[in-house]
Amino acid sequence: MTSKKRTILVTGGAGYIGSHIVSALRSSGGYRIEIVDNFRESRSNVIQDESIVYHEVDIRNKEKLMEVFELTKPDLVFHFAALASVPDSMENPAEYYENNVVGGLNLLECMRVCGVKKIVFSSSASTYGEPLTEEITEEHPQVPTNTYGYTKLIFENMLKDYNRSYGFSSISLRYFCASGCDVSAGIGEYHTPETHAIPSIVETLLGRRKEFSVYGNDFPTPDGTGVRDYIHVMDLAEAHTLAMNKLFEENLMCKQYNLGINKGFSVMELIKSAEEISGKKLSYSIKDRRLGDPSRLIANSDKAQKELGWTPKHLDVKDMIASTYEFFSSKK
Ligand SMILES: NC(=O)c1ccc[n+]([C@@H]2O[C@H](COP(=O)([O-])OP(=O)(O)OC[C@H]3O[C@@H](n4cnc5c(N)ncnc54)[C@H](O)[C@@H]3O)[C@@H](O)[C@H]2O)c1
(Lines give C-alpha, C1' and ligand atoms only; values in the text may rest on other atoms or scores of the structure.)
Protein backbone atom coordinates (compact mmCIF):
# COMPACT_ATOMS: atom_id res chain seq x y z
CA MET A 1 0.00 0.00 0.00
CA THR A 2 1.39 3.44 -0.91
CA SER A 3 0.92 6.29 1.58
CA LYS A 4 -0.60 9.55 0.34
CA LYS A 5 1.97 12.14 -0.66
CA ARG A 6 2.00 15.30 1.41
CA THR A 7 1.16 18.53 -0.38
CA ILE A 8 3.57 21.41 0.05
CA LEU A 9 2.51 24.91 -1.00
CA VAL A 10 5.43 27.18 -1.88
CA THR A 11 4.76 30.91 -2.16
CA GLY A 12 7.45 32.57 -4.27
CA GLY A 13 8.51 29.15 -5.54
CA ALA A 14 9.52 30.59 -8.90
CA GLY A 15 12.03 32.98 -7.31
CA TYR A 16 15.71 32.53 -6.60
CA ILE A 17 15.68 30.72 -3.25
CA GLY A 18 12.19 29.20 -3.60
CA SER A 19 13.10 27.45 -6.85
CA HIS A 20 16.11 25.82 -5.20
CA ILE A 21 13.89 24.43 -2.44
CA VAL A 22 11.35 23.28 -5.06
CA SER A 23 14.18 21.54 -6.90
CA ALA A 24 15.25 19.75 -3.70
CA LEU A 25 11.67 18.71 -2.90
CA ARG A 26 11.16 17.45 -6.44
CA SER A 27 14.37 15.41 -6.31
CA SER A 28 13.18 13.70 -3.15
CA GLY A 29 10.06 12.64 -5.06
CA GLY A 30 7.97 12.47 -1.92
CA TYR A 31 5.70 15.51 -2.26
CA ARG A 32 2.99 17.15 -4.31
CA ILE A 33 4.34 20.61 -4.98
CA GLU A 34 2.02 23.58 -5.59
CA ILE A 35 3.49 27.01 -6.25
CA VAL A 36 1.91 30.42 -5.78
CA ASP A 37 3.80 33.20 -7.51
CA ASN A 38 2.90 36.43 -9.30
CA PHE A 39 6.00 35.92 -11.50
CA ARG A 40 7.16 39.45 -10.79
CA GLU A 41 10.70 38.22 -10.14
CA SER A 42 10.97 34.85 -11.78
CA ARG A 43 12.98 35.15 -14.93
CA SER A 44 14.24 31.65 -15.55
CA ASN A 45 13.65 29.92 -12.27
CA VAL A 46 10.40 28.28 -13.26
CA ILE A 47 11.20 24.58 -12.95
CA GLN A 48 9.24 22.78 -15.66
CA ASP A 49 8.00 19.46 -14.39
CA GLU A 50 4.59 17.93 -14.67
CA SER A 51 4.64 17.07 -10.96
CA ILE A 52 4.74 20.80 -10.11
CA VAL A 53 1.58 22.91 -10.29
CA TYR A 54 1.93 26.69 -10.73
CA HIS A 55 -0.78 29.13 -9.63
CA GLU A 56 -0.25 32.63 -11.00
CA VAL A 57 -1.65 34.42 -7.99
CA ASP A 58 -0.56 37.47 -6.02
CA ILE A 59 -0.66 36.93 -2.26
CA ARG A 60 -2.14 40.43 -1.91
CA ASN A 61 -5.27 39.03 -3.58
CA LYS A 62 -6.84 37.18 -0.65
CA GLU A 63 -9.82 35.82 -2.62
CA LYS A 64 -7.63 34.21 -5.28
CA LEU A 65 -5.25 32.91 -2.64
CA MET A 66 -8.15 31.33 -0.77
CA GLU A 67 -9.23 29.55 -3.97
CA VAL A 68 -5.75 28.01 -4.19
CA PHE A 69 -5.96 26.84 -0.58
CA GLU A 70 -9.39 25.32 -1.08
CA LEU A 71 -8.15 23.54 -4.17
CA THR A 72 -4.81 22.28 -2.89
CA LYS A 73 -5.42 21.71 0.85
CA PRO A 74 -1.69 21.83 1.67
CA ASP A 75 -0.09 20.09 4.64
CA LEU A 76 2.60 22.75 5.01
CA VAL A 77 3.53 26.11 3.52
CA PHE A 78 6.95 27.46 2.62
CA HIS A 79 6.60 31.24 2.48
CA PHE A 80 9.19 32.90 0.22
CA ALA A 81 7.02 35.44 -1.65
CA ALA A 82 8.19 38.91 -0.70
CA LEU A 83 9.82 42.05 -1.97
CA ALA A 84 13.37 41.71 -0.79
CA SER A 85 15.60 44.65 -1.63
CA VAL A 86 16.96 46.79 1.20
CA PRO A 87 17.58 49.98 -0.86
CA ASP A 88 14.24 49.64 -2.68
CA SER A 89 12.43 49.25 0.65
CA MET A 90 13.84 52.60 1.78
CA GLU A 91 12.46 54.29 -1.35
CA ASN A 92 9.13 52.46 -1.53
CA PRO A 93 8.20 51.44 2.02
CA ALA A 94 4.46 51.32 1.30
CA GLU A 95 4.99 48.60 -1.33
CA TYR A 96 6.97 46.56 1.19
CA TYR A 97 4.32 46.80 3.90
CA GLU A 98 1.61 45.92 1.39
CA ASN A 99 3.45 42.99 -0.15
CA ASN A 100 5.25 41.51 2.84
CA VAL A 101 2.91 42.40 5.70
CA VAL A 102 -0.58 42.65 4.15
CA GLY A 103 0.20 39.79 1.72
CA GLY A 104 1.67 37.83 4.62
CA LEU A 105 -1.44 38.37 6.74
CA ASN A 106 -3.62 37.20 3.81
CA LEU A 107 -1.57 34.03 3.70
CA LEU A 108 -1.90 33.36 7.43
CA GLU A 109 -5.64 34.00 7.29
CA CYS A 110 -6.12 31.60 4.36
CA MET A 111 -4.14 29.02 6.33
CA ARG A 112 -6.22 29.61 9.46
CA VAL A 113 -9.55 29.35 7.65
CA CYS A 114 -8.45 26.16 5.88
CA GLY A 115 -6.92 24.57 8.98
CA VAL A 116 -3.33 24.59 7.64
CA LYS A 117 -1.08 25.21 10.62
CA LYS A 118 2.50 24.46 9.59
CA ILE A 119 4.70 27.08 7.97
CA VAL A 120 8.40 27.66 7.26
CA PHE A 121 9.09 31.37 6.79
CA SER A 122 11.96 33.08 4.94
CA SER A 123 13.09 35.60 7.50
CA SER A 124 16.27 37.57 7.34
CA ALA A 125 19.38 38.77 9.13
CA SER A 126 18.02 42.23 8.28
CA THR A 127 15.74 41.88 11.31
CA TYR A 128 18.77 42.39 13.59
CA GLY A 129 19.99 45.78 12.40
CA GLU A 130 23.44 47.03 13.39
CA PRO A 131 25.16 44.19 15.33
CA LEU A 132 26.19 44.68 18.93
CA THR A 133 28.36 41.54 18.92
CA GLU A 134 30.81 40.06 16.39
CA GLU A 135 28.56 37.05 15.71
CA ILE A 136 24.78 37.34 15.87
CA THR A 137 22.83 34.71 17.78
CA GLU A 138 19.04 34.39 17.70
CA GLU A 139 18.88 36.22 21.04
CA HIS A 140 20.48 39.37 19.60
CA PRO A 141 18.06 42.35 19.79
CA GLN A 142 16.03 42.79 16.61
CA VAL A 143 16.21 46.48 15.67
CA PRO A 144 16.09 46.67 11.85
CA THR A 145 17.83 49.56 10.09
CA ASN A 146 15.59 49.33 7.02
CA THR A 147 11.94 48.88 6.07
CA TYR A 148 12.55 45.47 4.50
CA GLY A 149 13.90 44.19 7.84
CA TYR A 150 10.88 45.65 9.66
CA THR A 151 8.46 43.81 7.39
CA LYS A 152 10.25 40.53 8.08
CA LEU A 153 10.22 41.18 11.83
CA ILE A 154 6.50 42.00 11.75
CA PHE A 155 5.77 38.66 10.06
CA GLU A 156 7.90 36.80 12.63
CA ASN A 157 5.86 38.48 15.37
CA MET A 158 2.63 37.55 13.62
CA LEU A 159 3.78 33.93 13.68
CA LYS A 160 4.35 34.18 17.45
CA ASP A 161 0.76 35.41 17.89
CA TYR A 162 -0.65 32.74 15.56
CA ASN A 163 1.24 30.13 17.54
CA ARG A 164 -0.06 31.36 20.89
CA SER A 165 -3.67 32.03 19.87
CA TYR A 166 -4.37 29.70 16.93
CA GLY A 167 -2.00 26.78 17.47
CA PHE A 168 0.21 27.41 14.42
CA SER A 169 3.59 25.62 14.29
CA SER A 170 6.24 27.69 12.55
CA ILE A 171 9.93 27.92 11.87
CA SER A 172 11.40 31.26 10.82
CA LEU A 173 14.71 30.81 9.07
CA ARG A 174 16.79 33.98 9.28
CA TYR A 175 19.02 33.75 6.25
CA PHE A 176 22.15 35.80 6.04
CA CYS A 177 23.23 36.51 2.40
CA ALA A 178 21.88 33.76 0.19
CA SER A 179 24.22 33.16 -2.74
CA GLY A 180 25.40 30.59 -5.27
CA CYS A 181 23.34 28.58 -7.74
CA ASP A 182 22.42 25.02 -8.60
CA VAL A 183 24.05 24.95 -12.01
CA SER A 184 22.95 21.38 -12.74
CA ALA A 185 19.28 22.33 -12.21
CA GLY A 186 19.70 25.42 -14.42
CA ILE A 187 18.48 27.82 -11.75
CA GLY A 188 20.25 30.78 -10.24
CA GLU A 189 20.22 34.21 -8.70
CA TYR A 190 18.29 36.97 -10.46
CA HIS A 191 16.70 40.06 -8.98
CA THR A 192 15.44 43.17 -10.74
CA PRO A 193 17.23 45.41 -10.16
CA GLU A 194 20.07 43.25 -8.86
CA THR A 195 21.35 44.78 -5.63
CA HIS A 196 23.22 41.73 -4.31
CA ALA A 197 26.99 41.85 -4.50
CA ILE A 198 27.92 38.44 -5.95
CA PRO A 199 25.62 38.41 -9.02
CA SER A 200 26.42 42.09 -9.62
CA ILE A 201 30.17 41.39 -9.59
CA VAL A 202 29.72 38.39 -11.89
CA GLU A 203 27.55 40.35 -14.35
CA THR A 204 30.23 43.04 -14.48
CA LEU A 205 33.01 40.49 -15.08
CA LEU A 206 30.95 39.04 -17.93
CA GLY A 207 30.60 42.50 -19.51
CA ARG A 208 26.85 42.76 -18.82
CA ARG A 209 27.29 45.75 -16.53
CA LYS A 210 29.70 48.61 -17.06
CA GLU A 211 30.92 48.83 -13.52
CA PHE A 212 30.38 47.36 -10.07
CA SER A 213 29.56 49.84 -7.27
CA VAL A 214 31.10 49.35 -3.84
CA TYR A 215 28.69 51.13 -1.49
CA GLY A 216 30.85 52.55 1.27
CA ASN A 217 34.51 52.02 2.18
CA ASP A 218 34.32 53.79 5.51
CA PHE A 219 32.48 51.20 7.57
CA PRO A 220 34.08 50.12 10.87
CA THR A 221 35.35 46.87 9.27
CA PRO A 222 38.97 45.76 8.56
CA ASP A 223 39.05 47.11 4.97
CA GLY A 224 36.19 49.61 5.35
CA THR A 225 33.76 47.74 3.07
CA GLY A 226 30.61 45.96 4.25
CA VAL A 227 31.04 42.45 5.67
CA ARG A 228 28.42 39.75 5.16
CA ASP A 229 27.99 36.05 5.90
CA TYR A 230 27.30 34.31 2.56
CA ILE A 231 25.30 31.10 2.72
CA HIS A 232 25.07 28.79 -0.28
CA VAL A 233 21.52 28.36 -1.55
CA MET A 234 21.97 24.55 -1.67
CA ASP A 235 22.77 24.63 2.06
CA LEU A 236 19.64 26.73 2.55
CA ALA A 237 17.62 24.12 0.67
CA GLU A 238 18.91 21.43 3.02
CA ALA A 239 17.92 23.51 6.06
CA HIS A 240 14.40 23.95 4.68
CA THR A 241 13.95 20.21 4.29
CA LEU A 242 15.13 19.68 7.87
CA ALA A 243 12.80 22.43 9.15
CA MET A 244 9.86 20.86 7.29
CA ASN A 245 10.64 17.44 8.77
CA LYS A 246 10.82 18.95 12.25
CA LEU A 247 7.38 20.51 11.81
CA PHE A 248 5.95 17.17 10.65
CA GLU A 249 7.61 15.15 13.40
CA GLU A 250 7.24 17.37 16.44
CA ASN A 251 4.36 19.13 18.16
CA LEU A 252 3.45 22.77 18.50
CA MET A 253 6.41 25.09 18.16
CA CYS A 254 7.44 28.59 17.15
CA LYS A 255 11.15 28.59 16.43
CA GLN A 256 13.67 30.92 14.84
CA TYR A 257 17.04 29.85 13.42
CA ASN A 258 19.93 31.75 11.86
CA LEU A 259 21.32 30.30 8.65
CA GLY A 260 24.84 31.40 7.83
CA ILE A 261 28.36 29.96 7.94
CA ASN A 262 29.55 31.91 11.01
CA LYS A 263 32.12 33.74 8.89
CA GLY A 264 32.09 37.12 7.16
CA PHE A 265 33.61 38.27 3.87
CA SER A 266 34.07 41.92 2.90
CA VAL A 267 33.10 43.32 -0.48
CA MET A 268 36.81 43.73 -1.30
CA GLU A 269 37.36 40.05 -0.48
CA LEU A 270 34.54 39.11 -2.86
CA ILE A 271 36.14 41.17 -5.60
CA LYS A 272 39.53 39.52 -5.09
CA SER A 273 38.02 36.01 -5.13
CA ALA A 274 35.90 36.76 -8.20
CA GLU A 275 38.95 38.09 -10.07
CA GLU A 276 40.86 34.91 -9.22
CA ILE A 277 38.00 32.63 -10.34
CA SER A 278 37.36 34.46 -13.61
CA GLY A 279 40.96 35.43 -14.39
CA LYS A 280 39.60 38.91 -15.20
CA LYS A 281 40.04 42.35 -13.65
CA LEU A 282 36.83 43.87 -12.25
CA SER A 283 35.91 47.44 -13.09
CA TYR A 284 34.50 49.05 -9.92
CA SER A 285 34.08 52.38 -8.19
CA ILE A 286 33.49 53.45 -4.60
CA LYS A 287 30.11 55.08 -3.90
CA ASP A 288 28.48 56.49 -0.78
CA ARG A 289 26.97 54.04 1.70
CA ARG A 290 23.38 53.04 0.92
CA LEU A 291 20.68 54.04 3.37
CA GLY A 292 19.82 51.15 5.71
CA ASP A 293 22.94 49.00 5.13
CA PRO A 294 24.52 47.73 8.39
CA SER A 295 28.33 47.53 8.46
CA ARG A 296 28.53 43.79 9.05
CA LEU A 297 26.22 40.81 9.52
CA ILE A 298 27.84 37.57 10.64
CA ALA A 299 25.74 34.67 11.84
CA ASN A 300 26.08 32.37 14.72
CA SER A 301 24.15 29.38 13.35
CA ASP A 302 25.00 26.91 16.11
CA LYS A 303 21.33 26.60 17.14
CA ALA A 304 20.26 25.44 13.64
CA GLN A 305 23.18 23.03 13.55
CA LYS A 306 22.24 21.58 16.94
CA GLU A 307 18.43 21.54 16.75
CA LEU A 308 17.88 20.90 13.04
CA GLY A 309 20.95 18.71 12.58
CA TRP A 310 22.04 21.04 9.77
CA THR A 311 25.63 21.27 8.55
CA PRO A 312 26.44 23.80 5.83
CA LYS A 313 28.82 22.27 3.29
CA HIS A 314 29.99 25.39 1.46
CA LEU A 315 32.26 27.26 3.84
CA ASP A 316 34.18 29.41 1.38
CA VAL A 317 32.58 32.26 -0.53
CA LYS A 318 34.60 31.11 -3.56
CA ASP A 319 32.08 28.23 -3.92
CA MET A 320 29.20 30.70 -4.12
CA ILE A 321 31.03 32.95 -6.59
CA ALA A 322 32.21 30.04 -8.78
CA SER A 323 28.71 28.55 -9.17
CA THR A 324 27.22 32.00 -9.87
CA TYR A 325 29.92 32.63 -12.49
CA GLU A 326 29.27 29.26 -14.10
CA PHE A 327 25.49 29.83 -14.08
CA PHE A 328 25.64 33.31 -15.61
CA SER A 329 28.22 32.20 -18.19
CA SER A 330 25.80 29.48 -19.32
CA LYS A 331 22.95 32.02 -19.74
CA LYS A 332 23.63 34.29 -22.67
N1 LIG B 1 18.23 36.56 -1.21
C2 LIG B 1 18.64 36.68 0.04
O3 LIG B 1 19.83 36.84 0.30
C4 LIG B 1 17.66 36.64 1.19
C5 LIG B 1 18.13 36.82 2.49
C6 LIG B 1 17.22 36.76 3.54
C7 LIG B 1 15.89 36.51 3.31
N8 LIG B 1 15.45 36.36 2.02
C9 LIG B 1 14.03 36.10 1.80
O10 LIG B 1 13.89 34.92 1.03
C11 LIG B 1 12.73 35.01 0.20
C12 LIG B 1 13.10 34.71 -1.24
O13 LIG B 1 14.08 35.64 -1.66
P14 LIG B 1 14.70 35.57 -3.13
O15 LIG B 1 16.05 36.17 -3.05
O16 LIG B 1 14.53 34.23 -3.68
O17 LIG B 1 13.76 36.61 -3.87
P18 LIG B 1 13.04 36.49 -5.30
O19 LIG B 1 12.56 37.86 -5.59
O20 LIG B 1 13.91 35.81 -6.28
O21 LIG B 1 11.81 35.53 -4.99
C22 LIG B 1 10.60 35.98 -4.48
C23 LIG B 1 9.50 35.35 -5.30
O24 LIG B 1 8.25 35.78 -4.75
C25 LIG B 1 7.42 36.24 -5.79
N26 LIG B 1 6.53 37.27 -5.21
C27 LIG B 1 6.89 38.46 -4.67
N28 LIG B 1 5.81 39.11 -4.25
C29 LIG B 1 4.74 38.31 -4.50
C30 LIG B 1 3.36 38.42 -4.29
N31 LIG B 1 2.82 39.53 -3.76
N32 LIG B 1 2.55 37.41 -4.66
C33 LIG B 1 3.06 36.29 -5.23
N34 LIG B 1 4.38 36.13 -5.48
C35 LIG B 1 5.22 37.13 -5.10
C36 LIG B 1 8.35 36.78 -6.86
O37 LIG B 1 7.78 36.79 -8.15
C38 LIG B 1 9.50 35.79 -6.75
O39 LIG B 1 9.31 34.69 -7.62
C40 LIG B 1 12.16 36.40 0.41
O41 LIG B 1 11.11 36.31 1.35
C42 LIG B 1 13.32 37.17 1.00
O43 LIG B 1 12.88 38.22 1.83
C44 LIG B 1 16.30 36.42 0.96
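Residues numbered from 1 in each chain as written. Predicted model: local features only at pLDDT ≥ 70, side-chain atom pairs only at ≥ 80, totals over all residues. Heavy atoms only, no water.

On to a nonpolar patch on the surface. A cluster of nonpolar side chains, Tyr97, Val143, Tyr150 and Ile154, forms an exposed patch at the surface whose accessible area comes to about 330 Å². With respect to the secondary-structure elements, Ile154 resides in helix H5 (residues 147-166). (Patch = residues over 30% accessible without salt bridge, like charges linked within 9 Å, V, L, I, M, F, W, Y side chains within 5 Å. Areas by Shrake-Rupley, 256 points an atom, 1.4 Å probe, with all protein chains shown as cover. Salt bridge = Lys/Arg side-chain N within 4 Å of Asp/Glu carboxyl O. Helix = DSSP H or I, 4+ residues; strand = E, 2+ residues; numbered from the N terminus.)

What follows is about the layout of surface pockets. In this structure, the second largest pocket occupies an estimated 200 Å³ of space. Surrounding the second largest pocket, His20, Ser23, Ala24, Asp182, His232, Met234, Asp235, Ala237, Glu238, Thr241, Lys313 and His314 form its lining. Of all the secondary-structure elements, those providing two or more residues to the lining of the second largest pocket are helix H1 (16-28) and helix H7 (233-249). Among the elements that line the lining of the second largest pocket, the one with the most residues is H7, at five residues. (1 Å grid on protein atoms, 1.4 Å probe; cavity = no way out; pocket = protein on both sides within 12 Å on 5 of 7 lines; lining within 4 Å. Points joined across faces, edges and corners; volume = space filled by probe spheres on them.)

Close to the ligand lie 31 residues; Ile17, Asp37, Phe80, Tyr148 and Lys152 are nearest. For the ligand, a nitrogen atom lies 2.9 Å from a polar atom in the backbone of Ile59. Coverage of the ligand by the protein chains reaches 97% of its 830 Å² of free accessible surface. Class assignment of the residues belonging to the shell around the ligand gives a composition of 15 nonpolar, 10 polar and six charged. (Near = heavy atom within 4 Å. Polar contact = N/O pair within 3.5 Å; in protein donor to acceptor, adjacent residues only side chain to side chain. Nonpolar A, V, L, I, M, F, W, Y, C, P; charged D, E, K, R; others polar.)

Let's shift gears to helix H8 (residues 267-278). In an α-helix, one full turn covers 3.6 residues, which means residues spaced three or four apart are oriented alike. Spanning 12 residues, H8 covers 16 Å between terminal C-alpha atoms, matching the ideal 16 Å at 1.5 Å per step. Buried residues of H8: Val267, Leu270, Ile271, Ser273, Ala274, Glu275 and Ser278, and no others. Looking at the buried residues of H8, the elements they touch are helix H6 (197-205), strand E8 (212-215), strand E10 (230-232), strand E12 (265-266), strand E13 (284-287) and helix H10 (317-330). Following H8 by one or two positions, Gly279 has its phi on the positive side, about 70 degrees. (Expected span 1.5 Å × (residues − 1). Buried < 20%, exposed > 50% of the residue type's maximum accessible area, 1.4 Å probe, protein only. Contact = heavy atoms within 4.5 Å.)

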